[in-house]
Amino acid sequence: MTPEGLNQLPPEEAAERLRACCGSSRWVEAMVAGRPYESLDALLAAADEAWRETGPEDWEEAFSHHPRIGEQRAAAAVSRAAGQWSAGEQAASAGASDAFAKAALAEANAAYERRFGRIYIVCASGRGVEDLLADVRARLANDPERELAVAAEEQRKITALRLRKLIDEGGP
């Protein structure tokens with residue numbers, strides 16, 4: 001798919017494809033309304049701007065569209081493409097053969113959820129279990145306000161990665 005192809009989609013179909021990139025309804029609405037996009041760079045810039053216009057409720061909605069690191073199912077229903085992208089992004093951590101590392105990551109996920117009341121969100125693409133463990137453990141030391149900002153930035157990175165996949169691979 002090209003940015004022009006995204007521009008030409010009916011609003012409902014464009015929203016579905018964009019929702020696979022970010023689960024925030026407010027963000028999706030802004031992106032559909034912001035069309036046309038002249039290039040991938042323009043699309044990415046608009047995505048960042050739309051994300052800056054969202055807030056904590058929108059972020060939490062977007063987070064709910066992700067499975068826990070090391071798992072396959074998100075709390076919210078997601079498209080087939082979003083599920084496939086998530087699995088690919090987590091491939092390095094999901095493929096870990098060390099049962100101890102997988103168990104440690106599951107416990108770190110649980111500790112994060114107890115502390116912050118949401119899943120641990122991280123742009124996991126290309127990152128192994130040990131790297132993710134170090135990251136989540138460091139983030140557990142954040143105060144809730146700071147951690148929400150960190151999680152929102154990780155969601156922004158995931159969104160940009162998925163928008164590139166949408167345009168490069170044709171997406172959902």
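Residues numbered from 1 in each chain as written. Predicted model: local features only at pLDDT ≥ 70, side-chain atom pairs only at ≥ 80, totals over all residues. Heavy atoms only, no water.

A. How the structure looks around the pattern of salt bridges. Inspection of every chain in the model, using the stated rule, returns 13 salt bridges. Linking Asp 135 and Arg 139 is a salt bridge whose minimum nitrogen-to-oxygen distance equals 3.3 Å. Highlighted residues: Asp 135 and Arg 139, both in helix α9 (residues 129-139), separated by four residues, approximately one helical turn. Under the relative-accessibility criterion, Arg 139 is labelled buried at 4%. One connected set of salt bridges, linked through shared partners, spans Arg 127, Asp 131, Asp 135, Arg 139 and Glu 147. (Salt bridge = Lys/Arg side-chain N within 4 Å of Asp/Glu carboxyl O. Helix = DSSP H or I, 4+ residues; strand = E, 2+ residues; numbered from the N terminus. Buried < 20%, exposed > 50% of the residue type's maximum accessible area, 1.4 Å probe, protein only.)

B. Inspection of the nonpolar core at higher detail. Residues Leu 18, Trp 27, Met 31 and Leu 163 are the most contacted members of the largest nonpolar core, which totals 45 residues. Those elements that provide at least two residues to this core are α2 (11-19), α3 (25-33), α4 (40-52), α5 (56-63), α8 (99-116), α9 and α10 (144-169). Apart from the residues lying within four places of it in its own chain, the contact partners of Trp 27 are Leu 18, Cys 21, Cys 22, Ala 47, Ala 50, Trp 51, Thr 54, Thr 159 and Leu 163. (Core = buried A, V, L, I, M, F, W, Y, C linked by side-chain atoms within 4.5 Å. Contact = heavy atoms within 4.5 Å.)

C. Focus on the state of the cysteines. Using the criterion set out here, one finds zero disulfides in the structure. The cysteine Cys 22 is free of any disulfide, with Cys 21 supplying the nearest cysteine sulfur at 8.3 Å. (Disulfide = S-S within 2.5 Å.)

D. Quick look at α2. All of the buried residues in α2 are Ala 14, Ala 15, Arg 17 and Leu 18. Buried residues in α2, looked at end-on, bunch into an arc of 165°, giving them a common side. (Arc of directions from axis to C-beta.)

E. Representation of the packing of aromatic side chains within the structure. In this structure the tally under the stated criterion is three aromatic pairs. Measuring from centroid to centroid gives 6.3 Å for Trp 51 and Trp 59, while their planes differ by 35°, and the two rings are tilted. In this structure an aromatic cluster arises from ring pairing among Tyr 112, Phe 116 and Tyr 120. (Phe/Tyr/Trp six-rings, centres within 6.5 Å; stacked < 30°, edge-to-face > 60°.)

F. Representation of the packing of α2 against α3 in the model. Where α2 meets α3, the closest approach of the two axes is 9 Å, and the angle between their N-to-C directions is 130°. Considering the angle they form, α2 stands oblique to α3. Here α2 and α3 pass one another in a crossing that is right-handed. Two secondary-structure elements touch here, α2 through Pro 11, Ala 14, Ala 15, Leu 18 and Arg 19 and α3 through Trp 27, Val 28, Met 31 and Val 32. (Axes fitted to C-alpha atoms, helices over the stretch in contact; angles between N-to-C directions. Parallel < 35°, antiparallel > 145°, perpendicular 65-115°, else oblique. Left-handed = near helix turned anticlockwise from the far one by under 90°.)

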